[in-house]
Amino acid sequence: MVDPRVNIIEQRLKRITRVIAVSSGKGGVGKSMVATTLALSLVKRGFKVGLFDLDFTSPSTHLILGIEGVQPKEEKGLVPPLVYGLEYMSLVYYSGNQAAPLRGTDTSNALIELLAVTLWSELDYLVIDMPPGIGDAVLDLIRLVPRVEFLIVTTSSLLAFETVKKLSGLLRDLNVPILGVLENMKMTDTADIKRQTELLDLKFIMEIPYDPEIEAAIGYPEKLLATSFAQKVNAVAQTV
Amino acid sequence: MHEWALAEAVVKTAVQIAEKEGLKQVTEVTVKIGELQDVERPIFRFALSQLIPSNFKLVKFRLLRSKAKLKCRVCSNVWVFKKTKLNKDAVEAIHFVPEVAHTYIKCPKCGSPDFEILEGRGIWLESIKGAK
Ligand SMILES: Nc1ncnc2c1ncn2[C@@H]1O[C@H](COP(=O)(O)OP(=O)(O)OP(=O)(O)O)[C@@H](O)[C@H]1O
Ligand SMILES: [Mg+2]
Ligand SMILES: [Zn+2]
């Protein structure tokens, strides 16, 4: 008995130039905000971009984008709809607003299924919003999409940064490229995280200040893109 | 229609196995179809027939059915999924991603969504026969 789905994944992704996973060991550091804004910024820069929400049990990107009433088109696979210029894929199309209480094997299976049947077009970037933590989703993604690159998000807290050490250590052991570290929601003026990041021999991409405006921009991509948060993320888009 | 994507995966995998086993002609491929995902067999079969390479010309696809057996992790109840118990939208969602069964199906005995899919989830390539 063989699971045939895994064999088709490479072919499904072959027209995508780069796959970038926005990831962190700790939750709530701003991955979904960064991933969504990064994807939108890349679109604004004229790239062809996909956004895939891999946080199956607590998805957020559909809320940030404020999407409603769109659904993939069923052709010889599932064609993700175009939302604000993005090819957008999420499990919420199928779980709706209800909880999808999934265990590890279920999340793996759902990931394999979506990778096997989603028909992305030719893309410059596929941005992936990861669930928090260093577990099934990270390991599955690396196993199924070996050329994925990681963008690590942290806050200024040492508790968050501690997981940067662990996540980057794992990625290095697995020979997975790390684009760098973003320090998000920065409120004080210290260079601690930058220094520590460089001590790990990782690229410190930049710091993004705490922006009180972004809460009101959730659900309104145009408004989101006008925030100072988005200006920063746009600068990140330039570096990736 | 998205049966095509799954059929493509089956054919690609069968071709790989045939190559590895040195089969010049493949005569039979057996696929198990789980009732949870409930793949549309006529479309799936048609897609298979369109996707096969030339050394599969003589192939007969056997599509077996596998009941969806679910086991509750809370009370250990085992039951068989019947799609007639669900509304159309839920059945369709499960058809696309069987894991969302955990959103729409509850253990009939205790009401928990925490169940294991023992059998009959989606498609499996069961076996492949041919001549060397
Ligand atoms: N730079 C920022 N300034 C102000 N608020 C921010 C900033 N970045 C993120 N937030 C807010 O912080 C909260 C968490 O952000 P987000 O959901 O993107 O984090 P996450 O890492 O994806 O969380 P999870 O680990 O649960 O997936 C959200 O309310 C978001 O609006
Ligand atoms: Mg998130
Ligand atoms: Zn039960």
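Small disclaimer: the values here were computed from a predicted structure and weren't measured.

As for the interface of chain B and chain A
In this complex, chain B contributes 32 residues to the contact, which on the side of chain A involves 31 residues. Of the roughly 2,900 Å² buried between chain B and chain A, counting both surfaces, carbon and sulfur atoms make up 61%. Our count for the contact surface shared by chain B and chain A stands at three salt bridges. For the side of chain B that touches chain A, the elements supplying multiple residues, two or more each, are α1 (3–20), α3 (88–96), α4 (101–104) and β6 (123–131) of chain B.

A word on the pairing of strand β1 (residues 16–23) of chain A
Moving residue by residue along a regular strand, the side chains alternate between the two faces of the sheet. All names here are of chain A. Of all eight residues in β1, six are buried, a share of seventy percent or more. As paired elements, β1 and strand β7 (residues 123–129) share six bridges and run parallel to each other. Residue pairing in the sheet places I16 in a bridge with L123 of β7.

Quick notes on the coordination of the zinc ion (ligand 3)
Residue and element names in this part refer to chain B. For the zinc ion (ligand 3), the full set of protein donor atoms is C72 (SG), C75 (SG), C107 (SG) and C110 (SG), at a range of 2.2 to 2.4 Å. Given four donor atoms and angles of 104 to 116° at the metal, the environment of the zinc ion (ligand 3) is assigned as tetrahedral. Read from N- to C-terminus, the donor residues coordinating the zinc ion (ligand 3) fall into the pattern C-x2-C-x31-C-x2-C. Taken together, the residues C75 in the loop between β3 (69–72) and β4 (78–80) and C107 in the loop between α4 and β5 (115–119) connect sequence positions 32 residues apart. A relative accessible area of 2% places C107 in the buried class.

So, the sheet that holds strand β5 (residues 82–83) of chain A
Residue and element names in this part refer to chain A. Ordered by their spatial adjacency, eight strands build an open sheet running β5-β6-β2-β7-β1-β8-β9-β10, and the pairing between neighbours is mixed. Each edge of the open sheet carries a strand with a single partner, namely β5 and β10 (204–209). Pairing analysis gives five bridges linking strand β9 (residues 178–186) to β10, with the strands arranged parallel. Its bridge partner lying in β10, L182 is registered against M206. Set on the sheet, helix α10 (residues 228–239) makes contact with β9 and β10; between it and β10 the angle comes to about 170°.

Examining the environment of A99 of chain A
Here A99 of chain A shows up in the loop between α4 (92–95) and α5 (104–117). Between the alpha carbons of A99 of chain A and T36 of chain A there is a distance of 21 Å; along the sequence they are 63 residues apart.

So, the site of ligand 1
All names here are of chain A. As a matter of local geometry, ligand 1 sits amid 18 residues, with G28, K31, S32, N184 and D211 nearest to it. G28 is positioned with one of its backbone polar atoms (N or O) 2.8 Å from an oxygen atom of ligand 1. At 2.9 Å, a backbone N or O of G30 approaches an oxygen atom of ligand 1. Computed on the free molecule, ligand 1 has an accessible area of 630 Å², of which 80% lies beneath the protein chains in the complex. When residues of the shell around ligand 1 are traced back to their parent elements, those giving at least two are α2 (31–44) and β9. By residue number, the principal contributor to the shell around ligand 1 is α2, which donates three residues. Grouping the constituent residues of the shell around ligand 1 by class yields nine nonpolar, five polar and four charged.

A word on the domain arrangement of chain B
All names here are of chain B. Assigned domains of chain B: these are domain 1 (2–67 + 120–131) and domain 2 (68–118). Taken together, the 12 residues of domain 1 in the interface contact 13 residues of domain 2. Surface buried jointly by domain 1 and domain 2 totals about 1,100 Å² across both partners, of which 59% is contributed by carbon and sulfur atoms. When the buried surface of domain 1 facing domain 2 is broken down by residue, L36, K67 and R121 rank first, second and third, together holding 53% of it. For E99, the salt bridge goes to R121, with nearest N and O atoms at 2.7 Å. Of the residues in the side of domain 1 that touches domain 2, the class split is two nonpolar, four polar and six charged.

Procedures and definitions
Residues numbered from 1 in each chain as written. Chains lettered and ligands numbered in written order. Predicted model: local features only at pLDDT ≥ 70, side-chain atom pairs only at ≥ 80, totals over all residues. Heavy atoms only, no water. Contact = heavy atoms within 4.5 Å. Buried area = accessible area lost by both parts, 1.4 Å probe. Salt bridge = Lys/Arg side-chain N within 4 Å of Asp/Glu carboxyl O. Helix = DSSP H or I, 4+ residues; strand = E, 2+ residues; numbered from the N terminus. Buried < 20%, exposed > 50% of the residue type's maximum accessible area, 1.4 Å probe, protein only. Pairing = 2+ DSSP bridges. Donors = N, O, S within 2.8 Å, 3.2 Å for Na, K, Ca; no water. Tetrahedral: all angles 85-135°; square planar, octahedral: opposite > 155°, others 65-115°. Axes fitted to C-alpha atoms, helices over the stretch in contact; angles between N-to-C directions. Near = heavy atom within 4 Å. Polar contact = N/O pair within 3.5 Å; in protein donor to acceptor, adjacent residues only side chain to side chain. Areas by Shrake-Rupley, 256 points an atom, 1.4 Å probe, with all protein chains shown as cover. Nonpolar A, V, L, I, M, F, W, Y, C, P; charged D, E, K, R; others polar. Domains from an automatic or database assignment.

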